[in-house]
Amino acid sequence: MRKKSSAIGNVVKVLFVSLLCVVVLAGCGGNKYSSYASAYNKVTAAGGFDADLKVSLTMDGQTSSYTGNFKVDTVNNLMYYEMGDGNDKTIQFSDGSYVYTDQGGKKVKYALTSEGTEPAEPQKDDSMETPEFNTSEFLQDYSSFLEAGSIREMGLLDPIPQSGVTKTTKSGNVYTLQISDAVVEHFLNTMAKNQVDDGDAVQVSDLQNFTYTATVENDIVTAVTYTGTTTVNVPGSHMSDGQDASYTMDFNIAVNYNNPGSAVSVSLPDQSEYEEVSSLNNVKP
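On a predicted model such as this, the values are computed, not experimentally measured, just so you know.

**Q** Explain the pairing of strand β2 (residues 62–73) residue by residue, including any values.
**A** Across 12 bridges, strand β1 (residues 48–59) lies against β2 in antiparallel orientation. Paired with Gly48 across the strands is Asp73, a residue of β2. Strand direction decides the pairing type here: β2 and strand β3 (residues 78–84), joined by 7 bridges, are antiparallel. Paired with Lys71 across the bridge in β3 is Tyr80. Adjacent in sequence and paired antiparallel, β2 and β3 are bridged by 4 residues, among which Asn77 carries a positive phi angle near 55°.

**Q** Go over helix α2 (residues 32–41), please, and point to the residues and values.
**A** Those residues of α2 lying buried are Tyr33, Ser34, Tyr36, Ala37, Ala39 and Tyr40. Backbone nitrogen of Tyr33 and a side-chain oxygen of the N-cap are separated by 3.3 Å at the start of α2; the cap is Asn31.

**Q** Can you break down the packing of aromatic side chains residue by residue, with the values?
**A** As enumerated under the stated definition, the model contains 13 aromatic pairs in all. Considering the side-chain rings of Tyr36 and Tyr212, the 6.1 Å spacing of their centres and the 90° angle between planes classify their relative orientation as edge-to-face. Here Tyr212 lies in strand β9 (residues 203–217) and Tyr36 lies in helix α2, a separation of 176 residues in the sequence. According to the relative accessible area criterion, Tyr212 is buried, its value standing at 0%. One aromatic cluster in this structure is built from Tyr33, Tyr36, Tyr40, Phe49, Phe70, Tyr81, Phe210, Tyr212, Tyr226 and Tyr257. Above the plane of the ring of Tyr98 lies Lys109, whose end atom (NZ or CZ) is 4.5 Å from the centre.

Cut-offs applied
Residues numbered from 1 in each chain as written. Predicted model: local features only at pLDDT ≥ 70, side-chain atom pairs only at ≥ 80, totals over all residues. Heavy atoms only, no water. Pairing = 2+ DSSP bridges. Helix = DSSP H or I, 4+ residues; strand = E, 2+ residues; numbered from the N terminus. Buried < 20%, exposed > 50% of the residue type's maximum accessible area, 1.4 Å probe, protein only. Polar contact = N/O pair within 3.5 Å; in protein donor to acceptor, adjacent residues only side chain to side chain. Phe/Tyr/Trp six-rings, centres within 6.5 Å; stacked < 30°, edge-to-face > 60°. Lys NZ or Arg CZ within 6 Å of the ring centre and 35° of its normal.

Structure below.
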């Protein structure tokens, strides 16, 4: 295993295109799903959002908890994201020209390309491999699947498209969406990308009990939750006894929108101390 550097993935698409593009819903009719989708589409009606995130990961009797905030202002092309566990914090933000990352005091920036995309992901660094599996370190490393780009790729802040929903139920003001196998598989595969892609990789598989809920107040979504259970398969090469091992990992992701549907004000940190790099390949973890 290795500590994954804080690459932003598809962050530009998060900022300026995909994240705030609502799903076009045609022919939905007056059902529960269309009510949910209509309420969700209003979240970004003013051209942005402000979301608080809470993440809990539990495995082998140990729990790691993270809190963060994600603000996007598409009117002014600004983004601010942070996530931490109380001790360490990762900060990512953009002023529309550069993407800035501050992780563990390492401050770097890179220019957005003319196509509105970011540099390639960093290459695998074998020197960072750790042969011995450690549950605490794994949970800490694994939290990076919730960096800004992964949030976009997983669609955590997007309404679930109708094609990915098999059933919608409503209890009070809480909508529960039963998600299709294809969406669950995409969610799992995105989480699994966090690990090294080789024969000795720790593999995340078998997503079970996947539950998605959305809370609607005053006809607008104010909160969503994702919960589920995965299996973490560790090859014997990472274990002290040389035997393969499997662990159950439970996750809970809670998103709360602050003043959904309203304009968002994004204040960016001072950018003077950030070292410019030409590619994420130049960033040393």
